[in-house]
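Below, each chain spelled out in residue letters.
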Amino acid sequence: MIEIPRDYEQLNSQQRLEILQFYFETIVSEYTSFNHSQFIYPLYQTFQVQLNQQMRSLSNQDEVYESFKNLQKKATEDSTIQEMLFEYDEFIHPIKIQALPKLIKQKQTKPKSDKKAASCILDEQPIKHEFIMTGSQSMMVNQNRDRVRSISELDDDLKLNVIREFDEKSYISQINFERSPQSDLKSVIEQRMEQSQNHYFNEAQLDDAYYVIQQAKAEIQNNQQLEVWFQEVYGDFIDMIQDKYVTMQHNLNELDSDGWVIEKNTKQLVIKYKIDSKNSTVTLFMDSVFEANITKLMALINEIELYQNYVPFCVRSSMPKRIGKCCKICDIQVYFPLISDRKAVFVGEGIDRLNINGTIVFLCKSVDNNPEFLKLHNVDLSKDKGKFVNLILNYYVFELTPLSDNKCRVRAVTNSDPQCRYVPKALVALVARKMASTLFEKMQKITQNFAKSPWYPKYLENQEFYNWIDNKVTNHFSKQQN
């Protein structure tokens, strides 16, 4: 739960209501200026958390309760907010918009209005105004004082502390309000990049790392000196995050793509496939709900060394290299009847998207044809050269959605090339579909009796990691309830 600073606790309910109203008006004003929704959305989330927290602390009999209720309704139904949510959804899902029909209908019928830079453009004589920094933008406090009169009477330090609480607790905009936009901008960018690296390396939050980078880029736009410094210092990290983000979005879009042929469609399992007519690749889609805790289900995917116990045709699996908290290089050998053994060397990475759409994602991609990557991570495959034919995983994606403490939906999509040039495509597709069906059926059986499976000792051995995941999911459910 977000901690409220001591200064904030000293305020009465009416003052807290006025601050929330002030903050909501700021969000609307900033969005209608020139800010993209990706910068404003986190502030809106923080506002909602604070609003809900205040309402839970009040009873229905409190004088200001009804005013809080009205603010909550306004914050949900406001057309500008709905436009922002729709824009954010378009930004997150560029291929298929995952929005409510109500929003789609409103977007289609609402006349397009140009955004006007009203609250964020500095006056020619800014000395006449008092400014508060909100994220990367400036806001003229005196323009709002007539609406929040009692707030303006507060001590300046207290006022700054209170407003800062909302913005700093956003999981993207953690920034000092009193900074000078020019002299301290470099320091702010360094803070942002430290935050971005923390999101990715410590929390496995690729989306958040990507958004902070975009925010940093926007802040130094048209500042050539800082842009050069930014690229020199952070260029490799930026390129890596942007490449991973684009790849993730491209792969996840396949989950909602068209053109599938249904192979199996039951209450327990859906399997679909499509064959690329230009080459020998087969794309498979699987969808099932497991009566299992998501963390234990994740152990099946995460513990590479045990793949041969349930992955069809897999005779050996290992993890040659761990390259991050949630990223590892994997090596599997597959035996197919009548043809040569296949081997796949791929990177597997877990990504926490619970804050984005309530999911945890695993992404896999072959790297045995990427000598620069292998050299960077000191992985030598020369000893196996000529012994195996490469099984190329163009991508293999697992999307896990926790539905409750003991129920989880799993969607998976994979595109692979077994390099069977002289085997009919129809036969390759048939074998792949049967493998997919067997894979999910075995996963269902293992999770039903997890404590007696070979995965349980591994689960206990890596208890700290799985507890970390459990805490993330628990916090996610708590936010949903709030």
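Residues numbered from 1 in each chain as written. Predicted model: local features only at pLDDT ≥ 70, side-chain atom pairs only at ≥ 80, totals over all residues. Heavy atoms only, no water.

**Section: the overall build of the protein chain**
- Each helix and strand counted, the protein chain has 17 helices and 12 strands in total.
- The buried share of the protein chain, reckoned over its 482 residues, is 52%.
- Here the protein chain has roughly 24500 Å² of accessible surface; of this, 49% comes from carbon and sulfur atoms. (Helix = DSSP H or I, 4+ residues; strand = E, 2+ residues; numbered from the N terminus. Buried < 20%, exposed > 50% of the residue type's maximum accessible area, 1.4 Å probe, protein only. Areas by Shrake-Rupley, 256 points an atom, 1.4 Å probe, with all protein chains shown as cover.)

**Thoughts on helix H17 (residues 463-481)**
- The first and last C-alpha atoms of H17 sit 27 Å apart over 19 residues, in line with the 27 Å expected at 1.5 Å per residue.
- Along H17, the residues that are buried comprise Phe465, Tyr466, Trp468, Ile469, Lys472, Val473, His476 and Phe477. (Expected span 1.5 Å × (residues − 1).)

**Describing the nonpolar core**
- Counting residues in hydrophobic clusters, the biggest one holds 56 residues, and the most contacted among them are Tyr307, Tyr310, Phe398, Leu400, Phe440 and Met443.
- Tallying contributions element by element places helix H15 (residues 425-448) first for this core, with seven residues.
- Core analysis: the next-biggest nonpolar cluster, separate from the first, contains 55 residues, Leu17, Val28, Met55 and Leu206 among them. (Core = buried A, V, L, I, M, F, W, Y, C linked by side-chain atoms within 4.5 Å.)

**Some remarks on the packing of aromatic side chains**
- Enumeration over the complete set of coordinates arrives at 20 aromatic pairs.
- Taking the centre distance of 5.1 Å and the plane angle of 10° together, the rings of Tyr396 and Phe398 count as stacked.
- By the ring-pair criterion, three or more aromatic residues cluster together here, those being Phe450, Tyr456, Tyr459, Phe465, Tyr466 and Trp468.
- Positioned above the aromatic ring of Phe285 is the side chain of Lys272, whose terminal nitrogen or guanidinium carbon lies 4.4 Å from the ring centre.
- One cation-aromatic arrangement involves Lys274 over Trp260; the distance from NZ or CZ to the ring centre is 4.3 Å. (Phe/Tyr/Trp six-rings, centres within 6.5 Å; stacked < 30°, edge-to-face > 60°. Lys NZ or Arg CZ within 6 Å of the ring centre and 35° of its normal.)

**Topic: the pattern of salt bridges**
- Under the counting rule described, the total for this entry stands at 13 salt bridges.
- The partner of Lys264 in a salt bridge is Glu441, with the nearest N and O atoms 3.0 Å apart. With Lys264 in strand E3 (residues 261-265) and Glu441 in helix H15, the pair connects residues that are 177 residues apart, well separated along the chain.
- With relative accessibility at 26%, the residue Lys264 sits in the partly exposed group.
- The class of Glu441 is partly exposed, set by a relative accessible area of 36%.
- Ionic pairing is found between Glu291 and Lys407, a salt bridge with its closest N-O pair at 3.7 Å. (Salt bridge = Lys/Arg side-chain N within 4 Å of Asp/Glu carboxyl O.)

**Focus on the environment of Lys365**
- Counting through the fold element by element, Lys365 comes out in strand E9 (residues 359-366).
- Between the C-alpha atoms of Lys365 and Tyr395, which are 30 residues apart in sequence, the distance is 4.8 Å.
- Non-local contacts of Lys365, meaning those with residues more than four positions away in its chain, are made with Val345, Phe346, Val347, Leu393 and Asn394. (Contact = heavy atoms within 4.5 Å.)

**Brief notes about the confidence of the model for the protein chain**
- With 72% of its residues at a pLDDT of 70 or more, the protein chain has an overall mean of 75.
- Contacts for the low-pLDDT stretch residues 1-8, under 50 throughout, to residues beyond four places or in other chains number 22 contacts.
- Scored below 50 in pLDDT, residues 166-183 shows 66 contacts in the model against residues more than four places distant or in partner chains. (pLDDT = per-residue confidence, 0-100.)

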